[in-house]
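Per-entry structural report
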Amino acid sequence: PHHTPKSVGVERTFEKNLSSEFFLEEKLKNIAENLEMRLSKNKLAGRTITLKIKYSDFKQQTRSKTGNLYLSNKDLILERVKELLYKEKLSNSVRLIGISISNLNDVKKQNKVKPLIKISQLSLPF
């Protein structure tokens, strides 16, 4: 329970399947807000954004993009996720959608000073 997470994500399953990217955008906005809160609470940011799409036939698709900057802001996350959403046409109606962020930069870890370790070469008698 006390380890550093490798990713943080939020996903939602819908009561009724959605068949348009337009309707999915509104859902993604809410998911990005929840993701921002989780990242802020844990003082995390990430470089890789992943969009998870589960279709009504239970087939699943993920689309990812890694940037140079660490993101934790909902608006920047949403901007990247929209790029991923429109990258490819939906193959069916959608029952679940989610956003995760990985390649994390742990702010808590950065503030800790790492102790120096002295390494010495062992000699073997021949």
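Above this text sits the structure in question.
For the structure given in this document, a descriptive report is provided here.

1. Describing unusual backbone geometry
Even without being glycine, Lys 43 reaches a positive phi, approximately 55°. Position of Lys 43 relative to the elements: it lies in the loop between helix 1 (21–41) and strand 2 (44–55). Although it is not a glycine, Asn 103 sits at a positive phi angle of roughly 60°. Inspection of the secondary structure assignment puts Asn 103 in strand 4 (residues 94–106). Overall, Asn 103 belongs to the partly exposed group, its relative accessible area being 34%.

2. Comments concerning the pattern of salt bridges
Summed over the entire model, instances satisfying the criterion amount to three salt bridges. Across the pair Glu 83 and Lys 65 runs a salt bridge, and its minimum N-O distance is 2.7 Å. In this pair, Glu 83 is assigned in helix 2 (residues 74–85) and Lys 65 in strand 3 (residues 60–71), connecting sequence segments 18 residues apart. The exposure class assigned to Glu 83 is partly exposed, which follows from its relative accessible area of 37%.

3. So, the nonpolar core
Counting residues in hydrophobic clusters, the biggest one holds 27 residues, and the most contacted among them are Ile 77, Ile 99 and Ile 101. When contributions to this core are tallied by element, the ones reaching two or more residues are strand 1 (7–18), helix 1, strand 2, helix 2 and strand 4. Ranked by the residues each element gives to this core, the list is headed by helix 1, at six residues. Ile 101 has contacts with Ser 7, Val 8, Leu 35, Leu 39, Gly 46, Thr 48, Ile 49, Leu 71 and Ile 77, leaving out every residue within four places of it along the chain.

Each value, and the rule that gives it
- Residue numbers run consecutively from 1 along every chain, following the written order of its sequence.
- Note on the predicted model: pLDDT of at least 70 is required for a residue's local features to be given, and 80 or more for side-chain atom pairs to be given and counted; whole-chain, interface and lining totals, by contrast, use all residues.
- No hydrogens and no water enter the side-chain calculation; it runs on all heavy atoms of the structure.
- For helices the rule is a DSSP run of H or I covering at least 4 residues; for strands it is a run of E covering at least 2, with both sets numbered from the N terminus onward.
- Accessible area is worked out with a 1.4 Å probe on protein chains only. A residue is then buried under 20% of its type maximum, exposed over 50%, and partly exposed in between.
- Salt bridges are identified by distance alone: a Lys or Arg side-chain nitrogen within 4 Å of an Asp or Glu carboxyl oxygen.
- Nonpolar core, defined: a set of buried Ala, Val, Leu, Ile, Met, Phe, Trp, Tyr and Cys residues in which side-chain atoms within 4.5 Å join the residues together.
- Residue contacts follow a heavy-atom distance rule, with two residues in contact if any of their heavy atoms lie within 4.5 Å.

Function cannot be inferred from these measures alone, as they are strictly geometric.
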